[in-house]
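Descriptive structure summary
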Amino acid sequence: MASWATVPLFVGQYFTGETLMAQGTSSPAWVKGLHPVLATGVLALFATNTVTGVWNLWEGREDPKGRVSRITHSILMLASDAGFAYVGALSHSVKQSAAARNQHRGAAIASAGLALLSYAIMLPPFRKD
């Protein structure tokens, strides 16, 4: 059920991040405060989904139905997890460097893209079971 929060969190992160990139220290206080709160939400969501996803993958390891979709989804989500960990590691240097901000933004967009692709793979129109 937590997966339903994914898209709103990503949209909020993108909007607040773009505002911070464009306005910097002139950004509204609510944007400056909300961006790290949303990042914490993404962290909590992905931590929860990773634990339950790996658990579900393990429990369904002998079920041949949908195996390719499940494995592909799992690999993409774990790659997205790693990307978001990298985004978090970069967050400490974004105030000091435009290059770090661009790297942070690029890694966040790439990680969100992987997660959304992985999510789409599991939807009925794309899943070939």
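Use the structure listed above.
Now for a description of the structure that goes with this document. Quick caveat, the model's predicted, so the values are computed rather than measured.

1. Focus on the overall build of the protein chain
Along its length, the protein chain carries four helices and zero strands. Starting at the N terminus and walking to the C terminus, you meet the elements of the protein chain as α-α-α-α. Dimensions of the protein chain along its principal axes, counting C-alpha atoms only, are 55 × 20 × 20 Å. Residues counted as buried form 28% of the 129 residues belonging to the protein chain.

2. Observations concerning a nonpolar patch on the surface
Where nonpolar side chains cluster on the molecular surface, the patch consists of Phe15, Trp30, Leu34 and Val37 and spans about 400 Å² of accessible area. The element that contributes the greatest number of residues to the nonpolar patch is helix H2 (residues 29-59), accounting for three residues. By secondary structure assignment, the location of leucine 34 is in helix H2. Overall, the relative accessible area of 31% leaves leucine 34 in the partly exposed class.

3. Notes on the nonpolar core
By size, the foremost hydrophobic cluster in this structure holds twelve residues: Leu9, Phe10, Leu38, Val42, Leu45, Phe46, Met77, Phe84, Val87, Ala107, Ala112 and Ala115. Elements that contribute at least two residues to this core include exactly helix H1 (6-23), H2, helix H3 (67-90) and helix H4 (98-121). For this core, the element with the highest residue contribution is H2, accounting for four residues. Those residues in contact with leucine 38, other than ones at most four positions away along the chain, are Leu9, Gly12, Gln13 and Thr16.

4. Details of the packing of H2 against H3
Look at H2 against H3: their axes get within 11 Å of each other, and the N-to-C directions meet at 150 degrees. What the angle tells us is that H2 and H3 run roughly antiparallel. Here H2 runs over H3; the crossing is left-handed. Along the contact surface, H2 presents Val42, Phe46, Thr50 and Leu57, while H3 presents Arg70, Ile71, Ser74, Met77, Leu78, Ser80, Asp81 and Phe84.

5. Digging into H2
Counted at 1.5 Å a residue, the expected span for H2 with its 31 residues is 45 Å, and the 45 Å between its end C-alpha atoms agrees. If you check which residues of H2 are buried, you get Val31, His35, Leu38, Val42, Leu45 and Phe46. In this fold, the buried residues of H2 make contact with H1, H3 and H4.

Definitions and cut-offs
Residues numbered from 1 in each chain as written. Predicted model: local features only at pLDDT ≥ 70, side-chain atom pairs only at ≥ 80, totals over all residues. Heavy atoms only, no water. Helix = DSSP H or I, 4+ residues; strand = E, 2+ residues; numbered from the N terminus. Buried < 20%, exposed > 50% of the residue type's maximum accessible area, 1.4 Å probe, protein only. Patch = residues over 30% accessible without salt bridge, like charges linked within 9 Å, V, L, I, M, F, W, Y side chains within 5 Å. Areas by Shrake-Rupley, 256 points an atom, 1.4 Å probe, with all protein chains shown as cover. Salt bridge = Lys/Arg side-chain N within 4 Å of Asp/Glu carboxyl O. Core = buried A, V, L, I, M, F, W, Y, C linked by side-chain atoms within 4.5 Å. Contact = heavy atoms within 4.5 Å. Axes fitted to C-alpha atoms, helices over the stretch in contact; angles between N-to-C directions. Parallel < 35°, antiparallel > 145°, perpendicular 65-115°, else oblique. Left-handed = near helix turned anticlockwise from the far one by under 90°. Expected span 1.5 Å × (residues − 1).

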